[in-house]
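Spelled out from the first residue to the last, the chains are:
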Amino acid sequence: MKLFSLILAVISLTSFSEAHPGGLDANGGHYNRKTGEYHYHRKPATKTAAEEKTYWISSTGKTHNKNCRYYRAYAQRCELQDLWGIEETINIYLNKEKYNNIMKIYVYTVTEENHLQPLKDILHLVKEESLMARNRPFLGDFMRLNNIIWNEEKNLFFMDFIRVRMSHGPAIGGLQREIEGFNFNEDEGFCEETAAIYSPEHHVWVDQYNFAGIRSSKMANYLSDFYPNRHATFRFEPILNHDIEQKLLNKTLFTKIDFKMRPHVITEADREENISVRRAVEMAEENGSAYVKITIGAERYHSLANRAASSLAHWLLRKSQQSEYAIDRACITGKDSEQDPSETLDLLRAREYKECEITTASDRRFPRDDRWNALERSFHEWRRNGLFE
């Protein structure tokens, strides 16, 4: 009989002990959250000479392996400061950051459920609207298709969506400048930009990933609902990395499924499709939890029930791509056969994407034309490689 271990971790409240606010680190101590002071609860173990060469204690009192990125960054700073002094070191880092900005790009196929209202026609209509008329409420803020250009020669739409944040935001400051706030008018706020291009010929949408900006699913909803009486419905389906998709199809034995989901975006159809997901979501809702973490694992030398595990794995793959807010983690461990080694697949990395290096302007923004050029280059490269027809 196959053995399973099911761990449901539903986060609700976290309590701290007044006497010992926090666990002990590798040195036997920790910081007091009230006073900010570091103190020991047990005497740190004496390290051998070999260990002293291998480990490093940071300024926060934590022990790091000297092979880790924290120590390498620390050692680099020390070396630069010894060689050039603190002011020149700061200049080196400032110049380095100017050329170390990566923009991630995703690609989607566009499904038009109402063929009487193609996306191309909707975009041309929105293009003629005023900026004010393009604004729509978005999670307590506002979103807008701010710029839209139709290039007939290239047969491409070039767009820039913005999220206008009217709530709390950052200030401006510097290494030698006190911070100060921005002065806004009543209808102004902080804006996050997300560039996109659309090919009506290939029904392909390519956009910039901006964590704080507008995601593709919200862009699809925005364009679907812009003219309610036209009953247009568009879906942007992420194009998956063929290698990861094929690897999942090749798995015949599953040993572990580990995922984290947000109950409020799990639909009734999802619950009907997967009983275990429904039970977990219901438990989370009863406890008022923001998310659910589930780990399903087989005992050593055993595997999970193949049909149920395969069904859950493929549901996670679909759901993680359909909704950017539903699944925060989805890892599948399995084998192609009994003789093959185990392999863990991160399904959140199943999307096809590219990364482009872009130099920020003096205002710390990615220039819009540079973002559009990066999207267009990625589009043509994917097309040449046969990712879409």
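Residues numbered from 1 in each chain as written. Predicted model: local features only at pLDDT ≥ 70, side-chain atom pairs only at ≥ 80, totals over all residues. Heavy atoms only, no water.

1. Quick look at the overall build of the protein
Argument step 1. Looking only at helices and strands, the protein has 11 helices and 19 strands in total.
Argument step 2. Across the 389 residues of the protein, 38% fall into the buried class. (Helix = DSSP H or I, 4+ residues; strand = E, 2+ residues; numbered from the N terminus. Buried < 20%, exposed > 50% of the residue type's maximum accessible area, 1.4 Å probe, protein only.)

2. Focus: the packing of aromatic side chains
Argument step 1. The final tally for this structure, using the stated rule, is 15 aromatic pairs.
Argument step 2. Aromatic pair F226 and Y227: ring centres 4.9 Å apart, planes at 70°, arrangement edge-to-face. An identical accessibility class is assigned to F226 and Y227; each is buried.
Argument step 3. Grouped by ring-pair contacts, the aromatic residues W150, F157, F161, Y198, W205, Y222, F226, Y227 and F236 constitute a single cluster.
Argument step 4. The side chain of R230 reaches across the aromatic face of Y227, ending 5.4 Å from its centre. (Phe/Tyr/Trp six-rings, centres within 6.5 Å; stacked < 30°, edge-to-face > 60°. Lys NZ or Arg CZ within 6 Å of the ring centre and 35° of its normal.)

3. Things to note about the confidence of the model for the protein
Argument step 1. Summarising the model, the protein shows a mean pLDDT of 80, and 74% of its residues fall at 70 or more.
Argument step 2. For the protein, the element scoring lowest by mean pLDDT is strand β1 (residues 4-10), at 40; strand β13 (residues 204-208) scores highest, at 97.
Argument step 3. Per-residue pLDDT stays below 50 along residues 1-21; that stretch engages in 42 contacts with residues further than four places along the chain or on separate chains. (pLDDT = per-residue confidence, 0-100. Contact = heavy atoms within 4.5 Å.)

4. A short note on a nonpolar patch on the surface
Argument step 1. Together, I172, F182 and F184 give the surface a local cluster of nonpolar side chains, amounting to about 250 Å² of exposed area.
Argument step 2. Inspection of the secondary structure puts F182 in the loop between β11 (177-180) and β12 (190-199).
Argument step 3. Classification of F182 by relative accessible area gives partly exposed; the value is 42%. (Patch = residues over 30% accessible without salt bridge, like charges linked within 9 Å, V, L, I, M, F, W, Y side chains within 5 Å. Areas by Shrake-Rupley, 256 points an atom, 1.4 Å probe, with all protein chains shown as cover. Salt bridge = Lys/Arg side-chain N within 4 Å of Asp/Glu carboxyl O.)

5. Topic: the layout of surface pockets
Argument step 1. Of the voids in this model, the largest pocket is the one considered here, and its volume is about 850 Å³.
Argument step 2. Every residue lining the largest pocket is counted, 24 residues in all, and those nearest its centre are C191, E192, D363, R364 and R365.
Argument step 3. Breaking the lining of the largest pocket down by element, the ones donating at least two residues are β9 (156-165), β10 (172-174) and β12. (1 Å grid on protein atoms, 1.4 Å probe; cavity = no way out; pocket = protein on both sides within 12 Å on 5 of 7 lines; lining within 4 Å. Points joined across faces, edges and corners; volume = space filled by probe spheres on them.)

6. Looking at the pattern of salt bridges
Argument step 1. Within the structure shown, the criterion is met by 15 salt bridges.
Argument step 2. Residues E376 and K154 are paired through a salt bridge, measuring 3.2 Å at the closest nitrogen-oxygen approach. A residue pair is termed long-range when its members are at least 10 positions apart, and E376 in helix α11 (residues 368-384) and K154 in the loop between β8 (141-151) and β9 qualify at 222 residues.
Argument step 3. We classify E376 as buried; its relative accessible area is 10%.

7. Topic: the environment of R134
Argument step 1. Along the chain, the position of R134 falls in helix α5 (residues 131-134).
Argument step 2. What makes R134 buried here is its relative accessible area of 7%.
Argument step 3. Counting along the chain gives 12 residues from R134 to N146, while the straight-line C-alpha distance between them is 7.7 Å.
Argument step 4. Sequence-distant contacts of R134, that is, excluding residues within four places in its chain, are made with V126, K127, E129, M143, R144, L145, N146, N147, I148, Y222 and F226.

8. Some points on the nonpolar core
Argument step 1. Judged by nonpolar contacts, the single largest core of 29 residues is most densely connected at I257, M261 and L316.
Argument step 2. Elements supplying a minimum of two residues to this core: α7 (242-250), β15 (253-261), α9 (275-286), β16 (292-298), α10 (306-322) and β17 (327-335).
Argument step 3. Ranked by the residues each element gives to this core, the list is headed by α10, at 6 residues.
Argument step 4. Contact partners of I257, with chain neighbours within four places excluded, come to I294, T295, I296, L304, A309, L312, L316, C331 and I332.
Argument step 5. One finds L123, I148, Y227 and F234 within the second-largest nonpolar core, a separate group that totals 28 residues. (Core = buried A, V, L, I, M, F, W, Y, C linked by side-chain atoms within 4.5 Å.)

9. A few points about the side chain of Q208
Argument step 1. Its location among the elements puts Q208 in strand β13.
Argument step 2. In this structure Q208 comes out as buried when scored by relative accessible area, which is 6%.
Argument step 3. Separated by 3.1 Å, the side chains of Q208 and R371 make a polar contact.
Argument step 4. With residues near it in sequence (within four places) discarded, Q208 still touches M103, K104, E193, T194, A195, F366, R371 and L375. (Polar contact = N/O pair within 3.5 Å; in protein donor to acceptor, adjacent residues only side chain to side chain.)

10. Topic: α9
Side chains that are three or four residues apart share a direction in an α-helix, a result of its 3.6 residues per turn.
Argument step 1. Over its 12 residues, α9 runs 17 Å from end to end, which matches the ideal 16 Å to within 8%, given 1.5 Å per residue.
Argument step 2. Among the residues making up α9, those that are buried are V277, A280, V281 and A284. For α9, the arc enclosing every buried residue in end-on projection is 100°, short of the 170-degree limit, so these residues lie on one face. Exposed residues lying more than 90 degrees from the buried face of α9 are R279 and E286.
Argument step 3. The first or second residue beyond α9 is G288, which carries a positive phi of 65°. (Expected span 1.5 Å × (residues − 1). Arc of directions from axis to C-beta.)

11. What about unusual backbone geometry?
Argument step 1. Positive phi values are uncommon outside glycine, yet L139 reaches one of about 50°.
Argument step 2. We note that H231 has phi near 55°; this positive angle belongs to a residue other than glycine.
Argument step 3. Structurally, the position occupied by H231 is in the loop between α6 (216-225) and β14 (234-238).
Argument step 4. With a relative accessible area of 58%, H231 lands in the exposed category.

12. Overview of the side chain of E112
Argument step 1. With respect to the helices, strands and loops of the structure, E112 is situated in strand β6 (residues 102-112).
Argument step 2. Of the side chains with opposite charge, K120 comes closest to the buried, unpaired E112, at an N-O distance of 10 Å.
Argument step 3. Polar side-chain contacts of E112 include one of 2.8 Å to the backbone nitrogen of L119. (Lys, Arg positive; Asp, Glu negative; His and termini not counted.)

13. What about the environment of P200?
Argument step 1. When you line up the elements, P200 lands in the loop between β12 and β13.
Argument step 2. Residue classification places P200 among the buried positions, given a relative accessible area of 14%.
Argument step 3. Considered as a pair, P200 and K120 are 80 residues apart in the sequence and their alpha carbons are 6.3 Å apart.
Argument step 4. Discounting residues that sit within four places of it in the chain, P200 has contacts with K120, W150, N155 and F157.

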